[in-house]
Amino acid sequence: MFLVSVPATSANVGAGFDCLGLALSMRGNFTFKKIEDGFMIKGCEKAYCNEDNLVYVAFKKTVEAAKQSLFGVEITIDCDIPLKRGLGSSAACIVAGCVGANALLGFPFSKEQLFAICTEMEGHPDNVAPALFGGLTLSFMKENTPILVPYHIHKSLQFMAVVPNTTVSTEEARKILPKQLSYTDAVFNIGHCAAFLRGLETGDTQLIKSAFGDRLHEPYRKQLIPEYPLLEQLCRRFDALALLISGSGSTMLIISNETKNLKQIEQELSKVSDAACHHLKVEQEGALVKEI
Ligand code: HSE
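On a predicted model such as this, the values are computed, not experimentally measured, just so you know. Think of each chain on its own: its residues are numbered from 1, step by step along the sequence as written. A pLDDT threshold of at least 70 governs which residues receive local features in this predicted model, and a stricter bar of 80 or more applies before side-chain atom pairs are shown or counted, although totals over entire chains, interfaces and linings include all residues. In computing side-chain values, all of the structure's heavy atoms are included and hydrogens and water are not.

**Student:** Mind showing me how you'd approach the UniProt feature "binding site: ATP" (unreviewed entry) in the chain here?
**Tutor:** Sites flagged by UniProt as "binding site: ATP" (unreviewed entry) map to Pro 82, Leu 83, Lys 84, Arg 85, Gly 86, Leu 87, Gly 88, Ser 89, Ser 90, Ala 91 and Ala 92. With respect to the secondary-structure elements, Pro 82 resides in the loop between β4 (72-79) and α2 (89-104). Exposed residues in this analysis have more than 50% of their type's maximum accessible area, buried residues have under 20%, and partly exposed residues fall in between, with area computed by a 1.4 Å probe over protein chains only. Pro 82 sits in the buried class, given a relative accessible area of 18%. Should any heavy atoms of two residues lie within 4.5 Å, those residues are considered in contact. Sequence-distant contacts of Arg 85, defined by excluding residues within four places in its chain, comprise Val 163, Pro 164, Asn 165, Thr 166, Thr 167, Ser 246, Gly 249, Ser 250 and Thr 251. Here Pro 164 takes part through its backbone oxygen, which lies 2.8 Å from a polar atom of the side chain of Arg 85. UniProt positions are given in the numbering used here, feature names are shortened, and annotations may be inferred rather than shown by experiment. The helix count covers DSSP runs of H or I at least four residues long, the strand count covers runs of E at least two residues long, and both are numbered beginning at the N terminus. Contacts described as polar in this section are N or O atom pairs within 3.5 Å, which, within protein, must combine one atom able to donate a hydrogen with one able to accept it, while residues neighboring in sequence count only if both atoms come from side chains.

What follows is the structure in structure tokens.
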């Protein structure tokens, strides 16, 4: 029997739409036990305890990729990552299923091979990369193979995930994006993404402040998040370094180098919103697996 632990992730960091992701200190734990036959899923809502469960789908896909016959498995899910909030819950399920199957199969796949299987399932690598490898990762596709570039994050930086009650479906949030964009917006994102990465690496607060912002998805998706305008104001008032939409939302990620400022934002926000605030660190470890 194996225990697999996978971090929450925030994709689209800064101007890194579909490529820059960050692992955060919030985890989902999943156990995998061989059983005689069939499958059993425990620990999640009944509606998800069936063959379409993403953990089990990823499990089956990995067994298939290893060219082995499907065997019986009991999966237990204990996951703190909120669903449909842009914190990588689906990537965590996919990564867990792949890593759990790999463990029960005797580890035929390397982490890089698992990365390719997970990316194919998720459709984009920006959540599965940090979920598997931890830290801040830039990833992109090169001829159907996902490429991973790890980045460092300066230790002075702190993160607060503001998780509203409203959910956002990634599928819907992708549909509202325009089919084409202007050179001006593309150039804006290229420059901001590269500069933001340097800011995160060095902890240069001025650089982070000038380089955050995105024109590929945030202008369209912020309309789906009622708390966004207020949070934007509070971030300005309490001198946060950056405000980002995490993945496709609804979670918003605030970056600061002052715990006090984050607490003030949390306090003000709580007067008018029931959004949950999580003070998080960058999670340097990605998916972990151990025999229990
Ligand atoms: N990059 C993806 C998107 C992340 O923004 O649609 C969502 O999982």
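Further notes follow.
**Student:** Help me understand the site of the ligand, please; the structure alone is not making it clear to me.
**Tutor:** Inspection of the region around the ligand gives Ala 11, Asn 12, Phe 17, Asp 18, His 124, Asp 126, Asn 127, Thr 170, Arg 174, Arg 221 and Ser 248 as its neighbouring residues. Within the side chain of Asn 12, an N or O atom sits 2.7 Å from an oxygen atom of the ligand. Only the protein chains shown count as cover for residues, with accessible areas throughout obtained via the Shrake-Rupley method and a probe of 1.4 Å. Protein burial of the ligand: of its 260 Å² of free accessible surface, 94% is covered by the chains. Partitioning the shell around the ligand into residue classes produces two nonpolar, five polar and four charged. Those domain boundaries reflect an automatic or database domain assignment. Of the residues that make up the shell around the ligand, three or more belong to each of domain 1 (2-152 + 283-291) and domain 2 (158-280). Nearness of a residue to a molecule or strand requires only that one of the residue's heavy atoms be within 4 Å of it. Classes in brief: Ala, Val, Leu, Ile, Met, Phe, Trp, Tyr, Cys and Pro nonpolar; Asp, Glu, Lys and Arg charged; the others, Gly included, polar.

**Student:** Could you clarify how one ought to interpret the side chain of His 192 in this entry?
**Tutor:** In this structure, His 192 sits in helix α6 (residues 183-202). Apart from the residues within four sequence positions on either side, His 192 is in contact with Ala 15, Ser 210, Ala 211, Phe 212 and Gly 213.

**Student:** Looking at this structure, I do not really get the packing of helix α9 (residues 228-237) against helix α10 (residues 259-270). What am I missing?
**Tutor:** To describe two helices that pack against each other, one gives the angle between their axes and the distance between the axes. To obtain an axis, a line is fitted to C-alpha atoms, over the contacting stretch when the element is a helix, and the angle between two such axes runs from 0 to 180 degrees between their N-to-C directions. With their axes 10 Å apart at the nearest point, α9 and α10 run at an angle of 145° to one another. Here the hand of the crossing between α9 and α10 comes out right-handed. Residue-level inspection shows Leu 230, Leu 231, Leu 234, Cys 235 and Arg 237 of α9 in contact with α10, the latter providing Ile 265, Glu 268 and Leu 269. For the contact of α9 with α10, a count of residues per class yields six nonpolar, no polar and two charged. Throughout, a crossing is termed right-handed when the near helix is turned clockwise from the far one, and left-handed when it is turned anticlockwise from it by less than a right angle.

**Student:** Got a minute to help me understand the environment of Ala 23 in this structure?
**Tutor:** With respect to the helices and strands, Ala 23 occurs in strand β2 (residues 20-35). Overall, the relative accessible area of 0% leaves Ala 23 in the buried class. Distance from Ala 23 to Val 282, taken between C-alpha atoms, is 5.9 Å for residues 259 residues apart in sequence. Excluding residues that lie within four positions of it along the chain, Ala 23 makes contacts with Pro 7, Ala 8, Thr 9, Pro 130, Gly 134, Gly 135, Lys 281, Val 282 and Glu 283.

**Student:** Would you take a moment to explain the sheet that holds strand β8 (residues 242-245) for this structure?
**Tutor:** Strand pairing in a sheet takes place through backbone hydrogen bonds and is either antiparallel or parallel in direction. Criterion used throughout: strands pair if DSSP finds at least two bridges between them. Sheet architecture is open: four strands sit in the order β8-β9-β7-β10, paired in antiparallel fashion. Strands at the two margins of the open sheet, each flanked by one partner only, are β8 and β10 (276-280). Averaged over all pairs of adjacent strands, the angle between strand axes in this sheet comes to 20°, irrespective of strand direction. Both strand β7 (residues 158-163) and β10 contribute to a ladder of five bridges, which runs antiparallel. If you follow Val 163 over to β10, its bridge partner there is Ala 276. Docked against the sheet, α10 engages β7, β9 (252-256) and β10, running at close to 10° with respect to β7.

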